[in-house]
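Report on the structure
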Amino acid sequence: MISHHLLLCATPSKALCCPDPAVGAASWDTLKRLVRELGLEDPQRAEGIVLRTKADCLRICAEGPILLIWPEGTVYGGVTPERIERILREHVLGGTPIEAWILNRMSFSAPAAGSASAP
Ligand code: FES
């Protein structure tokens, strides 16, 4: 079971999304490290595992680096290594979003039960 999938766009290719590539790279390194150190990738974790993916673009393209928490759809902007740590501890682990850093909330719809197609 997956509890959260954290998608980070910290691409230096679009200056508005990630004006300082060094901050984007450090945020990604911090995300990877903390997910591992906090045991969030443990398949035995009762709440489900936490995945992390470096995305090339999340269609926000401003006020980045951008962190999207799927499936709930929370979009954080201005991510830094320090913000990554607080988001993981307070939002992902603690269940309390940090409202001041939220840019947007996206809505994702889940497929209806039994609608998945066979391979
Ligand atoms: S380039 Fe980062 S969201 Fe589009």
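Check the entry above for the structure.
This section reports on the structure supplied with the text. Predicted model, so just to flag it, every value in this text is computed and none were measured.

1. Observations regarding the packing of helix 1 (residues 21-37) against helix 2 (residues 81-93)
- Close contact between helix 1 and helix 2 brings their axes to 8 Å; oriented N to C, the two are set at 30°. Considering the angle they form, helix 1 stands roughly parallel to helix 2. Helix 2 is crossed by helix 1, and the crossing has right-handed handedness. Contacts between helix 1 and helix 2 involve Val 23, Ala 26, Ser 27, Thr 30, Leu 31, Leu 34 and Val 35 from the first element and Pro 81, Ile 84, Glu 85 and Leu 88 from the second.
- Broken down by class, the residue content of the contact of helix 1 with helix 2 amounts to eight nonpolar, two polar and one charged.

2. Considering the nonpolar core
- Leu 6, Leu 31, Leu 67, Tyr 76 and Leu 88 are the most contacted members of the largest nonpolar core, which totals 21 residues.
- Going through the elements one at a time, strand 1 (2-9), helix 1, strand 3 (66-70) and helix 2 are the ones with two or more residues in this core.
- Not counting residues up to four positions away in its chain, the partners in contact with Leu 67 are Leu 6, Leu 7, Leu 8, Leu 31, Thr 74, Val 75, Tyr 76, Val 79, Ile 84 and Ile 87.
- Grouped together as the second largest cluster of nonpolar side chains are eight residues, Cys 9, Ala 55, Leu 58 and Val 75 included.

3. Some details on the sheet that holds strand 1
- The strand order 2-1-3-4-5 describes an open sheet built from five strands, whose pairing is mixed. A single partner strand is all that each edge strand has here, and the edge strands are strand 2 (49-55) and strand 5 (102-105). Going from strand to strand, the sheet's axes swing by 20° on average, the running direction of each strand aside.
- Summarising the sheet, strand 4 (residues 74-76) and strand 5 pair through three bridges and their orientation is antiparallel. Directly across from Thr 74, in strand 5, lies its bridge partner Arg 105.

Here is what the cut-offs are and how they apply
Residues numbered from 1 in each chain as written. Predicted model: local features only at pLDDT ≥ 70, side-chain atom pairs only at ≥ 80, totals over all residues. Heavy atoms only, no water. Axes fitted to C-alpha atoms, helices over the stretch in contact; angles between N-to-C directions. Helix = DSSP H or I, 4+ residues; strand = E, 2+ residues; numbered from the N terminus. Parallel < 35°, antiparallel > 145°, perpendicular 65-115°, else oblique. Left-handed = near helix turned anticlockwise from the far one by under 90°. Contact = heavy atoms within 4.5 Å. Nonpolar A, V, L, I, M, F, W, Y, C, P; charged D, E, K, R; others polar. Core = buried A, V, L, I, M, F, W, Y, C linked by side-chain atoms within 4.5 Å. Buried < 20%, exposed > 50% of the residue type's maximum accessible area, 1.4 Å probe, protein only. Pairing = 2+ DSSP bridges.

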